[in-house]
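Architecture at a glance
Take a look at the letters that make up each chain.
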Amino acid sequence: MFKMDQNNESFITIEGVTKNYPRNDKTQSLALDKVDLSIKKGEFICLLGPSGCGKTTLLNLIGGFSKPTTGKILIDGELVDKPSVDRITIFQNYGLLPWRSVIKNVELGLEAKKISKEERKTIAEEYLSLVGLTDFSKHHPSELSGGMQQRVAIARALAADPDILLMDEPFGALDAMTRMGIQDEIQRIWSEKKKTIIFVTHDIEEAVFLADRIVIMTPYPGKVKSILKVPLARKRDRTSIDFLKIRDKVFSEFELKAPDCTEYYL
Ligand SMILES: Nc1ncnc2c1ncn2[C@@H]1O[C@H](COP(=O)(O)OP(=O)(O)OP(=O)(O)O)[C@@H](O)[C@H]1O
């Protein structure tokens, strides 16, 4: 990696990024088209868009797992040209090892680092306490509910102390109530630890609940359609007028909102 000039405020800079995947018939599939995005340190960004708009492609490029066809990505002024494993953690949805206890699963991300066994245990205990699972440290993943397993996965991702956490539809498989509980949890942890989080979702309400800014994408080819600030204090109330107004604004961006022709008689 080498240092380049960049806008002072920007921590992650995505400049003119295009990604073409070759197809079998030798044509190209344009997954991302001239994407520009600037993300500040500590921001919570949600990438929101329909299937196929290039959200996962963009996460992989930020993580350095693949390279842009044109354009560039800088993290803290350094060009991303390989996986940035020391500063980025990809949240692994179903990556818990069934034969390991909860605490040993959390320690997993620390084993690659040169950290003593005792210190690993102390760090893992801290993060298990952060997600409210201290009493389950000796259990195995199969003994926990889906939501609890996700919290172990969050503890494991954060225990590695990354600057940036990339999350690709992390809560997609959870039922609505569990999902809301874990959304509360991730926003609380984010407020406490101030990591930069880039979170992919299809769920408009989830994006409004979590994000500082919502990046709205459209497919074929994947482009940033608009960026919406969510200037609501946390913890957000999903039923407040301001929340619903922003949610409506996002619906309008996707042209999902019916014209308002309802008359109310109360
Ligand atoms: N390895 C690949 N080879 C060829 N085409 C690919 C590859 N990965 C993704 N694509 C194509 O690029 C486009 C964007 O895919 P991507 O998975 O990034 O979208 P997405 O927004 O994350 O979709 P989803 O919400 O369904 O996960 C799609 O048209 C997809 O078919």
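It should be noted that the structure appears before, not after, this text.
Residues numbered from 1 in each chain as written. Predicted model: local features only at pLDDT ≥ 70, side-chain atom pairs only at ≥ 80, totals over all residues. Heavy atoms only, no water.

**Quick word on the packing of aromatic side chains**
For the structure on display, the rule yields three aromatic pairs. For the pair Phe44 and Trp190, a centre-to-centre distance of 5.8 Å together with 70° between the ring planes defines the contact as edge-to-face. Residue Phe44 is found in strand 3 (residues 44–48), and its partner Trp190 is found in helix 5 (residues 176–193); the two are separated by 146 residues along the sequence. A relative accessible area of 0% places Phe44 in the buried class. (Phe/Tyr/Trp six-rings, centres within 6.5 Å; stacked < 30°, edge-to-face > 60°. Helix = DSSP H or I, 4+ residues; strand = E, 2+ residues; numbered from the N terminus. Buried < 20%, exposed > 50% of the residue type's maximum accessible area, 1.4 Å probe, protein only.)

**Quick look at the sheet that holds strand 9 (residues 213–218)**
One open sheet holds the six strands; their spatial order is 6-7-8-3-9-10, and the pairing between them is mixed. Both outer strands of the open sheet, strand 6 (88–90) and strand 10 (223–229), are each paired with one neighbouring strand and no more. Mean inter-strand twist for the sheet, computed between neighbouring axes without regard to direction, equals 20°. When strand 6 meets strand 7 (residues 164–168), the two strands line up parallel, connected through three bridges. Considered in strand 7, the bridge of Thr89 is made with Leu165. (Pairing = 2+ DSSP bridges. Axes fitted to C-alpha atoms, helices over the stretch in contact; angles between N-to-C directions.)

**Some points on unusual backbone geometry**
In the segment running from Tyr220 into Pro221, the intervening peptide bond is cis, with an omega of -10°. With respect to the secondary-structure elements, Pro221 resides in the loop between strand 9 and strand 10. Here the phi dihedral of Asp161 falls at roughly 55°; this positive angle occurs in a residue that is not glycine. Its location among the elements puts Asp161 in the loop between helix 4 (146–159) and strand 7. Residue class for Asp161 comes out partly exposed when judged on its relative accessible area of 46%. The backbone of Glu169 sits at a positive phi, close to 45°, despite the residue not being glycine.

**Here's the deal with helix 7 (residues 241–253)**
With 13 residues, helix 7 ought to run about 18 Å at 1.5 Å a step, and its terminal C-alpha atoms sit 18 Å apart, in line with that. Buried within helix 7 we find Phe243, Ile246 and Val250. Angular distribution of buried residues about the axis of helix 7 spans 70°; they occupy a single face of the element. Residues Ile241 and Lys245 are exposed on helix 7 and point more than 90 degrees away from its buried face. (Expected span 1.5 Å × (residues − 1). Arc of directions from axis to C-beta.)

**Brief notes about the sheet that holds strand 4 (residues 70–75)**
Read from one edge of the open sheet, four strands run 2-1-4-5, paired in antiparallel fashion. Unpaired on one side and paired on the other, strand 2 (28–40) and strand 5 (78–79) mark the two borders of the sheet. The pairing of strand 1 (residues 10–22) with strand 4 spans five bridges and is classified as antiparallel. Pairing of Glu15 across the sheet is with Lys72, part of strand 4. Packed onto the sheet, helix 1 (residues 55–62) meets strand 1, strand 2 and strand 4 and runs at close to 120° relative to strand 1. (Contact = heavy atoms within 4.5 Å.)

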